[in-house]
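Here are the chains, one letter per residue:
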Amino acid sequence: QVQLVESGGGLVQPGGSLRLSCAASERIIGINAMGWYRQAPGKERELVASITTGGITVYGDSVKGRFTISRDNAENTVYLQMNNLKPEDTAVYYCNCLRYSTDNYWGKGTLVTVSS
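Residues numbered from 1 in each chain as written. Predicted model: local features only at pLDDT ≥ 70, side-chain atom pairs only at ≥ 80, totals over all residues. Heavy atoms only, no water.

A. Examining the nonpolar core more closely. By size, the foremost hydrophobic cluster in this structure holds 29 residues, and its most contacted members are Leu4, Trp36, Leu80, Met82 and Tyr93. For this core, the secondary structure elements donating two or more residues are β3 (18-24), β4 (31-39), β5 (46-52), β7 (67-72), β8 (77-82), β9 (91-99) and β11 (110-114). Once residues lying within four places of it in the same chain are set aside, the contact partners of Leu80 are Leu18, Arg19, Leu20, Trp36, Val48, Ala49, Phe67, Thr68, Ile69 and Tyr93. (Core = buried A, V, L, I, M, F, W, Y, C linked by side-chain atoms within 4.5 Å. Buried < 20%, exposed > 50% of the residue type's maximum accessible area, 1.4 Å probe, protein only. Helix = DSSP H or I, 4+ residues; strand = E, 2+ residues; numbered from the N terminus. Contact = heavy atoms within 4.5 Å.)

So, in structure tokens, the structure goes:
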């Protein structure tokens, strides 16, 4: 069973930065894309950013220009650099891996809190 482990969450002041990392527990064959989703209290889970094996990226409208996703294909690791954080970015951030175009894997999540 593939496991995704997130790290890098925490408390940051508005305008600050954080970098999230997600590593797979084993080398995964057949990955199409890896990405990040987030879920704030009382809201649905939403896409933050995703990146395909070929490097094509997609960002949620609310994070464009502030967040950057990158990945290390050889290590099955994906990163999310978050700059100019806002209180509305507060959420649990989940790592996602899409495999063989049908199989979704999720991490347990890491909490990001943006507050002064």
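Once the structure has been displayed, the description carries forward.
B. Molecular detail of the packing of aromatic side chains. What the rule picks out here adds up to one aromatic pair. Here the aromatic rings of Tyr37 and Trp106 are separated by 5.1 Å at their centres, their planes lie at 70°, and the arrangement is edge-to-face. Here Tyr37 is found in strand β4, whereas its partner Trp106 is found in strand β10 (residues 103-106), with 69 residues between them in sequence. By relative accessible area, Tyr37 is classed as partly exposed at 25%. Residue classification places Trp106 among the partly exposed residues on the basis of a relative accessible area of 37%. (Phe/Tyr/Trp six-rings, centres within 6.5 Å; stacked < 30°, edge-to-face > 60°.)

C. Focus on the pattern of salt bridges. All told, the structure shown has four salt bridges when counted by the stated rule. For the salt bridge of Arg38 with Glu46, the shortest nitrogen-to-oxygen distance reads 2.7 Å. Its relative accessible area of 5% is what places Arg38 among the buried residues. Between Asp89 and Arg66 there is a salt bridge, with its nearest N and O atoms 2.7 Å apart. A residue pair is termed long-range when its members are at least 10 positions apart, and Asp89 in the loop between β8 and β9 and Arg66 in the loop between β6 (57-59) and β7 qualify at 23 residues. (Salt bridge = Lys/Arg side-chain N within 4 Å of Asp/Glu carboxyl O.)

D. Representation of the sheet that holds β3 within the structure. The four strands lie next to each other as β1-β3-β8-β7, forming an open sheet whose pairing is antiparallel. The sheet is open, and its two edges are formed by β1 (4-7) and β7, each paired on a single side. Each strand of the sheet is rotated relative to its neighbour by a mean of 15°, with strand direction disregarded. Two strands pair when backbone bridges link them, and β1 and β3 are joined in this way by four bridges, in the antiparallel orientation. Looking at the pairing, Ser7 lines up with Ser21 of β3. (Pairing = 2+ DSSP bridges. Axes fitted to C-alpha atoms, helices over the stretch in contact; angles between N-to-C directions.)

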